[in-house]
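So you can see what is in the structure, the chains are spelled out below.
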Amino acid sequence: MASGNRFCSRRRVLQLAFAANSGLLLAPRFAQADAKSLADEIRKLYADGKPTDGRIKLDVPQIAENGLVVPIAIDVESPMSADDYVKAVHVFADGNPLPQVVSFRFSPECGKASASTRMRLAQTQNILCIAEMSNGTLYSAKAEVKVTIGGCGG
Amino acid sequence: MATASVPRVRVPAQARAGELIEIKTLISHDMESGQRKDAAGKTIPRQIINRFTASFNGRIVFEADWYTSVSANPYQSFFYRVKEPGAFTFVWKDDNGSEYTATSKLTIV
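Residues numbered from 1 in each chain as written. Chains lettered and ligands numbered in written order. Predicted model: local features only at pLDDT ≥ 70, side-chain atom pairs only at ≥ 80, totals over all residues.

### Considerations on the overall build of chain B
Next, step 1: Looking only at helices and strands, chain B features zero helices and eight strands.
Next, step 2: Helices and strands appear in chain B in the N-to-C order β-β-β-β-β-β-β-β.
Next, step 3: Once the C-alpha set of chain B is aligned to its principal axes, its extents read approximately 60 × 20 × 20 Å. (Helix = DSSP H or I, 4+ residues; strand = E, 2+ residues; numbered from the N terminus.)

In structure tokens form, the structure reads like this:
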């Protein structure tokens, strides 16, 4: 890829920062999102809603050879009628510098709550997916993706 | 950005009423994450497409908010239940304020 590897250079910078022992202040911004910041992001979206497992088919590869282009497809079970449809699906990657990946917003006209895109993954990590129904119910699904070449061949 | 963003969409030109069609879109864009540094060690500022909107006859039917973890040259696919003839408008919003659009006509057979 002509534009180079984004995460690769980030990691190199991070290593340099640590080596110089000056990275203490910078490090949290570049370090992977920890469980807490991910929980914060989710809380921002849903206040205290508790998602339950199910209804989402999350299709990601078990092993991604190239962390720069990882396909992701989601499919949520729903009649997609005017009064019962999937409003949104949010995707998070807990090992990326910024955990939010994408938010899909559906309408009843979609006919099917299904969408796919491609994402970057810095390393082997969990993909978390939360679906928000029109009545406010939340569902979640999780899958691990092993990334063989996430950044610098790691 | 090295080159101008060129959107490409694949939508069936005609469909039956009630049919579920899949719409596939692709746009060329670096999706600069704001995490990279240049040779001088300066952070390359973030520049991504942050929103994709698909409307049919003026009504928004599908939207996607993209964050920095979306790959370069972002791909997006979704479905649409055909009801009436009309036209799709697809809009990609860039961080720098520009918008890229594409349209596609749909006829009922």
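### So, the environment of Asp-30 of chain B
Next, step 1: By secondary structure assignment, the location of Asp-30 of chain B is in the loop between strand S3 (20-27) and strand S4 (49-56).
Next, step 2: Sequence spacing of Asp-30 of chain B and Thr-101 of chain B is 71 residues, and the spatial spacing of their C-alpha atoms is 17 Å.

### Some details on the interface of chain B and chain A
It is common to give the size of an interface as the accessible area lost on bringing the parts into contact.
Next, step 1: Opposite the 28 residues of chain B that make contact, chain A presents 30 residues.
Next, step 2: Listing elements by their share of the side of chain B that touches chain A, those giving two or more residues are strand S5 (59-66) and strand S6 (75-81) of chain B.
Next, step 3: Grouping the constituent residues of the side of chain B that touches chain A by class yields 15 nonpolar, seven polar and six charged.
Next, step 4: As paired strands, strand S6 (residues 100-106) of chain A and S5 of chain B are joined by five bridges and run antiparallel to one another. Bridging from a neighbouring strand, Val-102 of chain A pairs with Trp-66 of chain B of S5 of chain B. (Contact = placed C-beta atoms within 7 Å. Nonpolar A, V, L, I, M, F, W, Y, C, P; charged D, E, K, R; others polar. Pairing = 2+ DSSP bridges.)

### Here we look at the nonpolar core
A general feature of soluble globular proteins is that nonpolar side chains tend to end up buried together.
Next, step 1: Grouped together as the largest cluster of nonpolar side chains are 59 residues, with contacts concentrated most on Cys-110 and Cys-129 of chain A.
Next, step 2: Each residue touching Cys-129 of chain A, except ones within four places of it in the same chain, is listed here: Ile-56, Leu-58, Ile-74, Val-89, Val-91, Ser-140 and Ala-141 of chain A. (Core = buried A, V, L, I, M, F, W, Y, C linked by C-beta atoms within 7 Å. Buried ≥ 20, exposed ≤ 12 C-beta atoms within 10 Å, placed from the backbone.)

### Re the sheet that holds strand S7 (residues 113-119) of chain A
Next, step 1: Overall, antiparallel pairing links the six strands, which are arranged S2(A)-S4(A)-S7(A)-S6(B)-S3(B)-S1(B) in an open sheet. Only two strands of the sheet have a single partner each, and these edge strands are strand S2 (56-59) of chain A together with strand S1 (7-10) of chain B. Within the sheet, the average angular offset between the axes of one strand and its neighbour, ignoring direction, is 15 degrees.
Next, step 2: Pairing geometry for strand S4 (residues 70-76) of chain A and S7 of chain A, over seven bridges, is antiparallel. By the bridge assignment for S7 of chain A, Ile-74 of chain A is matched with Ala-115 of chain A. (Axes fitted to C-alpha atoms, helices over the stretch in contact; angles between N-to-C directions.)

### Quick notes on unusual backbone geometry
All names here are of chain A.
Next, step 1: A positive phi angle, near 65 degrees, is found at Arg-55, a position not held by glycine.
Next, step 2: With respect to the element layout, Arg-55 can be found in the loop between strand S1 (52-53) and S2.
Next, step 3: Looking at Arg-55, the number of C-beta atoms within 10 Å reads 17, which means it is partly exposed.
Next, step 4: Of note in the backbone geometry, Met-80 takes a positive phi value of approximately 55 degrees without being a glycine.

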